[in-house]
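Each chain, written out:
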Amino acid sequence: GVPVLLHVLFFRAAASPPSSNFLLLGPSGSGKTAFTTLLEAKSSPASKKIQLTHTSQTSTLVSVSLPPSVPTGSNRYRSVNDPSLKEATRNPIRYFVKDTPGHGKLRTSQGIGELQAMAISKENKNKIRGVIFMVDTAALVDEGNLRDTATYLHDVLLVLQKRELNKTSTKRSSEIPVLVAANKQDLFTALPPGSVREKLEAEIDRIRKSKTKGLMDASADSGLDAEEDILGNDDAQGVFNFKALEDETGVKVEVVGGAVKSDSEEEFGSGVLRWEEWIGMCL
Ligand code: GDP
């Protein structure tokens, strides 16, 4: 009856609602700042004229809204005539994006550090819904860039794998999926998302194998268990791929093409719409 309803409403209002945070990682130059700037501009058209600048030395937290046309994971099974969906259109769904510096040493202290902190946080306001790993798909033809990007992604996935494997079965925290945002699809030198996935998988496989060898040698000397520092929990014989990682550890990775630069255009993976759809599915 009414008292129960009031009780529910009171508690809904009193408990601070979990905020929906997405951590934006990736090498510098991949388009992270351009992406957050675009999301901010789309969320508040009035601020479009203001030149939004983000420094690349620290993390920036921006509050943005999901376009009303993009479905969320929690409403996708409801009918379009559902009145609560219309309400959702009036109050756009907001989420936070944390942009992190992608450069060398800052990557370890801020990108990975931020991920580690958010991945274990018990506080609602710091909870993380997903990781967006931004990649410059035109830069991956360069061996050095590919190696650098794959190393960063490898380290991100290892943090998430450890989190999954350390979960206690009684108190399961929610999963943290990874979107590899294959950016700059507008450039004619860009690799399509399918080959971006293959290249990253092959390079991570190489990184993983050389790391396995190093760790095995070291643990043979020290007697330490090296297993949990290796991505994918089978032996080093298997070839690394994202599907196997998901099957073995529960860490989900999706590679989706797009272009920050050509957001209102239909081609080039529809700008950033596919990424917003991925974000929506996490909400
Ligand atoms: P960050 O270091 O990851 O924050 O990268 P920035 O956002 O500063 O972007 C690096 C460069 O890539 C800038 O010159 C951007 O204008 C450019 N850029 C970002 N997204 C795209 C895109 O989708 N297409 C093209 N052609 N250039 C882009």
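See the structure shown above.
About the cut-offs
- Residues numbered from 1 in each chain as written.
- Predicted model: local features only at pLDDT ≥ 70, side-chain atom pairs only at ≥ 80, totals over all residues.
- Heavy atoms only, no water.
- Near = heavy atom within 4 Å.
- Polar contact = N/O pair within 3.5 Å; in protein donor to acceptor, adjacent residues only side chain to side chain.
- Areas by Shrake-Rupley, 256 points an atom, 1.4 Å probe, with all protein chains shown as cover.
- Salt bridge = Lys/Arg side-chain N within 4 Å of Asp/Glu carboxyl O.
- Helix = DSSP H or I, 4+ residues; strand = E, 2+ residues; numbered from the N terminus.
- Buried < 20%, exposed > 50% of the residue type's maximum accessible area, 1.4 Å probe, protein only.
- Expected span 1.5 Å × (residues − 1).
- Contact = heavy atoms within 4.5 Å.
- Core = buried A, V, L, I, M, F, W, Y, C linked by side-chain atoms within 4.5 Å.
- Phe/Tyr/Trp six-rings, centres within 6.5 Å; stacked < 30°, edge-to-face > 60°.
- Pairing = 2+ DSSP bridges.
- Axes fitted to C-alpha atoms, helices over the stretch in contact; angles between N-to-C directions.

Novice: Account for the site of the ligand, with residues named and values stated.
Specialist: Neighbouring the ligand are 15 residues, the closest being Gly 29, Lys 32, Thr 33, Ala 34 and Asp 186. Thr 33 places a side-chain nitrogen or oxygen 2.5 Å from an oxygen atom of the ligand. Contact between the ligand and Asn 183: an oxygen atom at 3.1 Å from a side-chain N or O atom of the residue. In isolation the ligand offers 580 Å² of accessible surface; the protein chains occlude 73% of this area.

Novice: Break down the pattern of salt bridges for me, with residues and values.
Specialist: By the definition in use, this model includes twelve salt bridges. Note that Asp 205 is salt-bridged to Arg 208, the shortest N-O span being 3.8 Å. Remark: Arg 208 and Asp 205 occur in helix 6 (residues 193-222); sequence separation between them is three residues, near one turn of the helix. The residues Asp 205 and Arg 208 share a single accessibility class, namely buried. A single salt-bridge network, built from bridges that share partners, covers Arg 147, Glu 203 and Arg 206.

Novice: Please provide a residue-by-residue account of helix 4 (residues 104-120), values included.
Specialist: With 17 residues, helix 4 should cover 24 Å at 1.5 Å per step; its first-to-last C-alpha distance of 24 Å lies within 8% of that length. Of all the positions in helix 4, only Arg 107, Gln 110, Gly 111, Ile 112, Glu 114, Leu 115, Met 118 and Ala 119 are classed as buried. Along its buried surface, helix 4 packs onto strand 1 (21-25), strand 3 (94-99), strand 4 (128-136) and helix 5 (143-165).

Novice: Kindly report on the nonpolar core, identifying the contributing residues and their values.
Specialist: By size, the foremost hydrophobic cluster in this structure holds 36 residues, and its most contacted members are Leu 115, Val 131, Val 156, Leu 157 and Phe 242. Put simply, the parts of the chain that give this core at least two residues each are strand 1, helix 4, strand 4, helix 5, strand 5 (178-183), helix 6, helix 7 (242-249) and strand 6 (253-257). Ranked by residue count, the leading element in this core is helix 5, at nine residues. What Phe 242 contacts, discounting residues up to four positions off in sequence, is Leu 153, Leu 157, Arg 197, Leu 200, Glu 201, Ile 204, Val 253 and Val 255. Core analysis: the second largest hydrophobic core is formed by 23 residues, Tyr 95, Met 134, Val 260 and Leu 283 among them.

Novice: Give me the lowdown on the packing of aromatic side chains, citing residues and values where you can.
Specialist: How two aromatic rings sit relative to each other is given by the distance of their centres and the angle of their planes. In the structure shown here, the tally under the stated rule is five aromatic pairs. Ring centres of Phe 22 and Tyr 95 lie 5.6 Å apart, and the angle between their planes is 80 degrees; this geometry places the pair in the edge-to-face category. Note that Phe 22 is positioned in strand 1 and Tyr 95 in strand 3, a separation of 73 residues in sequence. Look at Tyr 95 and you get buried, because its relative accessible area is 0%. Between Phe 35 and Trp 275, the aromatic rings sit 5.4 Å apart at their centres with planes inclined by 85 degrees, giving edge-to-face as the arrangement. Here Trp 275 lies in helix 9 (residues 273-282) and Phe 35 lies in helix 2 (residues 32-43), a separation of 240 residues in the sequence.

Novice: Which residues make up the sheet that holds strand 2 (residues 60-65), and what are the values?
Specialist: Strand pairs in the sheet, formed through backbone hydrogen bonds, run parallel or antiparallel to each other. Ordered by their spatial adjacency, six strands build an open sheet running 2-3-1-4-5-6, and the pairing between neighbours is mixed. Both outer strands of the open sheet, strand 2 and strand 6, are each paired with one neighbouring strand and no more. Put simply, the sheet's adjacent strands are angled 25 degrees from each other on average, direction ignored. Relative to strand 5, strand 4 runs parallel, the two being bridged by six bridges. By the bridge assignment, Met 134 is partnered in strand 5 with Ala 181. Most of the contacts of helix 5 go to strand 4, to which it runs at about 170 degrees, and overall it touches strand 1, strand 4, strand 5 and strand 6.

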